[in-house]
Each structure stands twice: as structure tokens, then as C-alpha cells.
There are 2 protein chains.
Amino acid sequence: MRVYLDHNATSPLRAEARAAMIAAMDMVGNPSSVHAEGRAAKSLMERARADVAEAFGAVDADIVFTSGATEAAALACAGRDLAGAAVEHDAVGAWVSDALAVDAQGAVTVDDPHVSVLQLANSETGLLQNVPAGIAVCDMTQVFGKLPLDFMATGARMGLVSAHKLGGPKGIGALVLRRGQEVPAQIRGGGQEMGRRSGTENIIGMVGFAAAAKAAVRDVGDGRWDRVAQLRNILENGLEAASKKTIFVGKVASDLESPNTGKIDRAGRLPNTSCFVTPGWKGETQVMQMDLAGFAVSAGSACSSGKVRASRVLTAMGFSPADAASALRVSLGLETTEDDVLRFMDAWAGKLIKHEARAA
Amino acid sequence: MRVYLDHNATSPLRAEARAAMIAAMDMVGNPSSVHAEGRAAKSLMERARADVAEAFGAVDADIVFTSGATEAAALACAGRDLAGAAVEHDAVGAWVSDALAVDAQGAVTVDDPHVSVLQLANSETGLLQNVPAGIAVCDMTQVFGKLPLDFMATGARMGLVSAHKLGGPKGIGALVLRRGQEVPAQIRGGGQEMGRRSGTENIIGMVGFAAAAKAAVRDVGDGRWDRVAQLRNILENGLEAASKKTIFVGKVASDLESPNTGKIDRAGRLPNTSCFVTPGWKGETQVMQMDLAGFAVSAGSACSSGKVRASRVLTAMGFSPADAASALRVSLGLETTEDDVLRFMDAWAGKLIKHEARAA
């Protein structure tokens, strides 16, 4: 029986999303068509848009559906010469400088929010940022669906979100625009999404995104991630007991977090994420060993080619390249059980002993 | 009982696509992840890619999955200063000049294929083009799945295709690149799609595209569109009998077409498409009247706002703006029955009589 502990990479499709998507498969029309079939498709799409907006605390903002957060990042950032930090996701980092300073705790100092991007949480470490009001672009992908989040309250001008991180389908996300913000269209043609993003709309994806977002926000409200945070803490305490030299990124700070209050504090982390560095034991090797043992986890950073390189998130925080390449990320989900965590701890500790025996 | 005759706008999801998509919903991993779940997702995705390539006659080309043909058009055309004609779809037209001449039969003259774009078929009229070998970009969206098509044999450097026109889901398509062709990535980040198009992949969409493409090519091979062409001809003959002043765009030429031989001839049309101009009766009005009568059809051109304007495809062919605004497009599907067509003819003829009585 496999144990999936890589929810920050992607999370399984929620039952609610699955059901909504299957129902939407019967929808015949193109939302751009004026006949009844087109209007029905458009109505379904606008219902999905409203649901995502409500779940995201963005009913007074515009939801521009995109093929995912990566496209949303390009739409928000390309050609704008924004300042960012080295801890941003590659999809954002591709478009911004890495001029903003990162301290040893992973905190980014923003000089001028209006020309800067800043993530709400880091996908590798789970570390949260205190995002200043007025930030030009904020990547909220990892927080949406894991912690209470109100887009309007963040003060961000634009937000990036993705469906598949919260149990929706892959291939759909959104750029959220505070009213008055505008972006030049990059994908042009039919003028869909109010001219911001052309192309016949991915209705099945939108509907799945909306259903997943509603369910995710309900689960956040029910405090279900508190239990996940407890499991994550059990995991870290267990691993720490097994390996004195392992460094848990942000662990001390995370004692201050309070996922159930909804407060996003710079000192906190996502409730589900543990990133830990075991000097001398490559993350890539750990991923493969744990995979063979039945656990899906990831190294600090993975690019699409499947190769693993030293995490630039960790090097930006002051880790040496060698240590940064020795990071493992474990990211739990709502369905993760205590047994999953205990089995992982056992397996990891066993592999560590073998690693140390070989290294000795 | 509604009759859907707007298949060039979008076609209902095929049963094969639906089943494949539902099966893919159980796939947990991110294709960029190196663990077993990630590899399984990647394997499914690459199977879909291979299936689309085979269906499209492009096994020796690269399939770059995009969010649809509109994104593929931007990826292929943006920043290249290519020449095109006014009959191109807006998604292509947004990026190219309309310098290429269009004659009264809708045929485009290409001066230099290497710096030009040309569609294989027009979505409004169904008119086919003789696309010269070496064309820089060819929009094959309307032909793929309706006529035999071998990408490599067309000689095009790049091809644009969409899933939802052939019974796949909306929100997925591809840019097909002949080997040696390259495009600068517009959506950047994780480096997916061999660096040409980043973002976590829409696996459910890809799988649906592949299943639909396989089924569509099977149906083309089985000659199922011959019957559709016969129905289209019955429709046009019936409408012609009811309205002597109605002009059927490309009808004479279409007598020369032979959809069952696979020959794409400049004189031909798509087997399912009828575009006809009834001077003095606005296409927009016809669409609404037919909608109320239970039929989904479209005017010559529709933009996403739901407003209808005079078709620039028809004006490029020499129609006056008033006549171009009086066009109706009827596009049949494989499930269209003779009864559907006969009922449409009756209803349309009845509305025409009322229109003429009012206009008199």
C-alpha cells in the first residue's frame, strides 16, 4: 500500500470535483455561442467563477481563469520588470529579478510592494511570508485551501492560484485581479475572459476547480488541517529523535503558528509541510529510496525533466549547495493518517541507518 | 427535443473521451515528480501524446500540448511578423497581417509559404485551402477529425489543433512542430513540454483529447462523414428550394469535393458545414429565431461577448457588410440525423416566410 506524501506537488482529485466534472461532461455548448446550449455553458462557467471568487475571498475582484498558476504568473508578471526573491516558484522567478533579500528564516524583505512579487507560502519549505499590502503580485497557490485566506484582506493587487493544489484538476488556475488592475492579454483571439485571455474555456476544469475550492474552504473552516499539523509535528519529532544532525527548516518558528486562528504569520509554516536537511545524504537518493519503500515524497526542488538540483530556496536562506541538495520535502494531505506518518518515520530512519553505515 | 447544429463551434464530448477522462481522474501524481505516482502520471501523459501524434499523422513531429488552439496560435505566431489572410480565425489573425489575397471563392494566395500562415479549412464557410508545402503555420483545427489528415504530408512547419472540435474536452489542444522547428516559450517556469510550455500538465484533458482523436480518426476512416455530407447537401437543396435568393457559400465548388477519398481540394468544403447568406435577414436574428424553435446554429461569426458582427471572412470574399451580416452557419455532427435536417429546413423556411411577410 503506497503512502502519498507529496501534496505540495499535487493533491488527488477531491470527490466533489470529480462529481462536478463528470456532470459538466454533458454540457454541449460553447460559452461564446448565443443559443441555449451556449448560454447554459456560459451559466455553468460563471457559476464556477463565482464559487471560486467566494472561496477565495475575492467576490469584489475579477477571476481570470487560466490553464494554471504558471500561466497566471506569466500573465501577471511578464514585461513588468518586477522585483522578487530567490524563493519564488520558477513560474514567477522566470519573470522577475531576484533582488529582494531573503534571511536565514526564509523571510523576504520587500522594498516597494507596488513593484514587487511575494509568495504567501513557499512550496518547498512551507514557510509563510508577511506579505505587505499593495504587493503587485502574490503567489497564493500553496495557501489557498490549506489556511484561511481572504484575497481582498491581503491587499495584493493580483493573486495567483491553482486548482490541483487543493484537490481540483490539473490544468486550471486563475489570475485574480483587484478591480482597476489590468493586464495585457497574451493569448489573444476570441476575447474570452473579458479580453484578458482568449480561447474556448476549459469548462470541465473550471467546474472541478470551483467544487474543489468550495470543499477545501469548508475543510479549512472545519479545522481539519489542525490534525494535519499535529501529524506533521509528530513526524518531525520522530525524525528528529532518529537523526540528531537533521535540520528541520522553519521548525522552531513553526511552534508559533496557529493554523486554526487563520493568522498567517511570518514565523509560521503551512500546516502540512516539513522540509528537512540531512547533511551528506542527497535528497535525490532519499526520494528514490523512500519511493522503493512505498512512499511518495520529493527533494527540495524538482524540475520537469525529473532531475534534481540543489534547492535555490534553501541556498537563498544560507544553506550550502551540498546541504540544499540534501533536503527532503514531506507534504501531508487531509487523508494522511497517523499510521502513514509512523510508517514513514520507521522507513526513513531505517534508510538513514543504512546510509550512515555505508558512509562510515 | 433540441437539435444541435453548431459542431464547428464545439462538438459534444465523445463517449471514448469521457471514459478515458474519468479513468484518469484516479491518477494521483504530478508528471514532474520522480516517484512511482509521478512516473505513472507521466506515462499516461506520454501515451496520450503518442496517440494524438499517431491520429494526426505526426509521429515524427513534436506534440506540444497547450490549453487549446488559441494558445497554440499565440505560441506559433506571436512576434514572428507572419503574413496571413482575413479569413484566418481570430486566434491566428491576432498575430498576423491580413496581407494575403482572398478571392471570391475564399481561396488564399500565398506569396511565400515560409513566412505565411494558412488555415486548412475555414470554420465559418467550411472552405478548404490548398496549403502549399513549407507553410510556416497551418491551422488544422476544423479539418482534424472531419477529413483524413496527415500532418507530415501537408508539409506544414507547424500545425494548430484543438480537442473540443473533434469530441474531446474544451481547454486542451496542441502546437505540432515539425522536427527542427522551435518556438520561444511564452509560459515559463518548470520547463514542462520540453521547455516549450511550462505548467503542471492537464492530464485529464490530454487523455480525453487522445481518446477523442483516436475515435475521430477511426470514424473518418470508416467514411462516416460521407453520410454527413449527404445530409448537408440535402439541407442545402431543401433550403435552396425554399429561398431562391439565398446564396450558399462554396456550394457549387463543393460538388467537386470527395470527402471519402481524403483529398483536400481547394474547390471543396468540410463535409459538415453549410454557410448561407439570405440578403436582408440578419444572421443574428436567424440564430435567435432558430434557437427559439429548438435549433442551435450560429451566425457567420460570433465573438465571446455574444454580439454578432458582419463576418470578415465573407467580406474578404467580396460580400457586402450587409450581406455578410446576413449569414447563417449550420454545422452538422456525426450524430445528426436526416430528421434533424428536415426539421431544420421546415422551421427555417417557416421563419423566412414570416420574415418576408414583415419585410414586405
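Residues numbered from 1 in each chain as written. Chains lettered and ligands numbered in written order. Predicted model: local features only at pLDDT ≥ 70, side-chain atom pairs only at ≥ 80, totals over all residues. Heavy atoms only, no water.

*Asks:* Got a minute to help me understand the environment of Lys 351 of chain A in this structure?
*Replies:* Residue and element names in this part refer to chain A. Looking at the element boundaries, Lys 351 is found in helix H12 (residues 338–359). Considered as a pair, Lys 351 and Ala 293 are 58 residues apart in the sequence and their alpha carbons are 9.3 Å apart. Leave out the neighbours within four places in its chain, and Lys 351 touches Trp 281, Gln 289, Met 290 and Ala 293. (Helix = DSSP H or I, 4+ residues; strand = E, 2+ residues; numbered from the N terminus. Contact = heavy atoms within 4.5 Å.)

*Asks:* Please explain the interface of chain A and chain B as it appears in this structure.
*Replies:* As a measure of interface size, the accessible area lost when the parts come together is often cited. At the junction of the two partners, chain A supplies 60 residues and chain B supplies 60 residues. Both faces combined, the contact of chain A with chain B buries some 4,700 Å², and carbon together with sulfur accounts for 59% of it. There are six salt bridges connecting chain A and chain B. One salt bridge connects Glu 37 of chain B with Arg 2 of chain A, and the closest N-O pair in it is separated by 2.6 Å. Our enumeration of links across chain A and chain B arrives at 20 residue pairs in polar contact (both at pLDDT 80 or more). Counting only elements with at least two residues in the side of chain A that touches chain B, the list comes to helix H1 (15–24), helix H2 (36–55), helix H3 (69–77), helix H4 (90–93), helix H6 (203–221) and helix H9 (283–292) of chain A. Partitioned by chemical class, the residues of the side of chain A that touches chain B number 25 nonpolar, 21 polar and 14 charged. (Buried area = accessible area lost by both parts, 1.4 Å probe. Salt bridge = Lys/Arg side-chain N within 4 Å of Asp/Glu carboxyl O. Polar contact = N/O pair within 3.5 Å; in protein donor to acceptor, adjacent residues only side chain to side chain. Nonpolar A, V, L, I, M, F, W, Y, C, P; charged D, E, K, R; others polar.)

*Asks:* In this structure, what is going on with the pairing of strand S7 (residues 173–178) of chain A? I would like to understand it.
*Replies:* Residues and elements named next belong to chain A. For S7, a buried count of six out of six residues is recorded, marking the element as mostly surrounded by other parts of the structure. Burial of the side chains of S7 extends over both faces: Gly 173, Leu 175 and Leu 177 are buried on one face and Ala 174, Val 176 and Arg 178 on the other. Looking at chain direction, strand S6 (residues 158–162) and S7 are connected through five bridges and run antiparallel. Bridge assignment links Ser 162 to a residue of S7, and that residue is Gly 173. (Buried < 20%, exposed > 50% of the residue type's maximum accessible area, 1.4 Å probe, protein only. Pairing = 2+ DSSP bridges.)

*Asks:* Mind showing me how you'd approach the relation of the copies chain A and chain B here?
*Replies:* Here the second copy of the chain follows from the first by a rotation about an axis and a shift along it. Rotating chain A by 180 degrees and moving it 0.0 Å along the rotation axis overlays it on chain B with an RMSD of 0.0 Å. With respect to symmetry, the two chain copies, as superposed, fit the operation of a two-fold axis. Minimal C-alpha separation from the rotation axis in chain A is found for Ser 67 of chain A, amounting to 3.1 Å. Here 100% of the interface residues in chain A have copies in chain B that are interface residues too; the copies meet face to matching face. (Least-squares fit on C-alpha atoms with pLDDT ≥ 70 in both.)

*Asks:* Honestly, the environment of Phe 151 of chain B in this entry has me stumped. Any pointers?
*Replies:* All names here are of chain B. Among the secondary structure elements, Phe 151 is positioned in helix H5 (residues 151–154). The exposure class of Phe 151 is buried, given its relative accessible area of 0%. For Phe 151 and Arg 80, which are 71 residues apart along the polypeptide, the C-alpha to C-alpha distance reads 22 Å. Not counting chain neighbours up to four residues away, the residues in contact with Phe 151 comprise Phe 56, Gly 57, Ala 58, Ala 61, Met 140, Ala 156, Arg 157, Met 158, Gly 159, Val 176 and Arg 178.

*Asks:* Just to check I follow, could you spell out the side chain of Ser 32 of chain B for this structure?
*Replies:* Mapped onto the elements, Ser 32 of chain B comes out in the loop between helix H1 (15–24) and helix H2 (36–55). One polar contact links Ser 32 of chain B to Gln 192 of chain B, side chain to side chain, over a distance of 3.4 Å.

*Asks:* Would you explain the sheet that holds strand S8 (residues 247–248) of chain B in this entry?
*Replies:* Residue and element names in this part refer to chain B. Within the open sheet, the four strands sit side by side as S8-S9-S12-S11. Their pairing is antiparallel. Each edge of the open sheet carries a strand with a single partner, namely S8 and strand S11 (298–299). Pairing of S8 with strand S9 (residues 273–277) involves two bridges; the strand directions are antiparallel. The residue bridging Ile 247 from the neighbouring strand is Val 277, located in S9. Helix H7 (residues 224–242) contacts S8, S9 and strand S12 (327–331) of the sheet and is inclined by roughly 15 degrees relative to S9. (Axes fitted to C-alpha atoms, helices over the stretch in contact; angles between N-to-C directions.)

*Asks:* Please explain the state of the cysteines as it appears in this structure.
*Replies:* One covalent bond between the sulfur atoms of two cysteine residues makes up a disulfide. Counted according to the given criterion, the structure contains zero disulfides over all chains. With no disulfide partner, Cys 138 of chain A has as its closest neighbouring cysteine sulfur the one in Cys 77 of chain A, 11 Å distant. (Disulfide = S-S within 2.5 Å.)

*Asks:* Before we go on, may I ask you to explain the domain arrangement of chain A in this structure?
*Replies:* Residues and elements named next belong to chain A. Taken as a whole, chain A is organised into domain 1 (3–9 + 223–359) and domain 2 (15–221). Look at where the C-alpha atoms of domain 1 and domain 2 centre, and you get two points 26 Å apart. Contacts between the two partners involve 30 residues from domain 1, matched on the other side by 34 residues from domain 2. Regarding the contact of domain 1 and domain 2, the summed buried area is about 2,800 Å², with carbon and sulfur atoms giving 54% of it. Counting the contacts that link domain 1 with domain 2 gives two salt bridges. In this structure, Asp 219 and Arg 224 form a salt bridge, with 3.3 Å as the shortest nitrogen-oxygen distance. (Domains from an automatic or database assignment.)

*Asks:* Which parts of the structure should I look at to understand the side chain of His 164 of chain A?
*Replies:* Here His 164 of chain A lies in the loop between S6 and S7. You can call His 164 of chain A buried: its relative accessible area is 3%. Here the side chain of His 164 of chain A touches Thr 10 of chain A through a polar contact of 2.7 Å, side chain to side chain. Once residues within four sequence positions are removed from consideration, His 164 of chain A is found in contact with Ala 9, Thr 10, Ser 11, Pro 169 and Lys 170 of chain A together with Asn 30 and Thr 200 of chain B.

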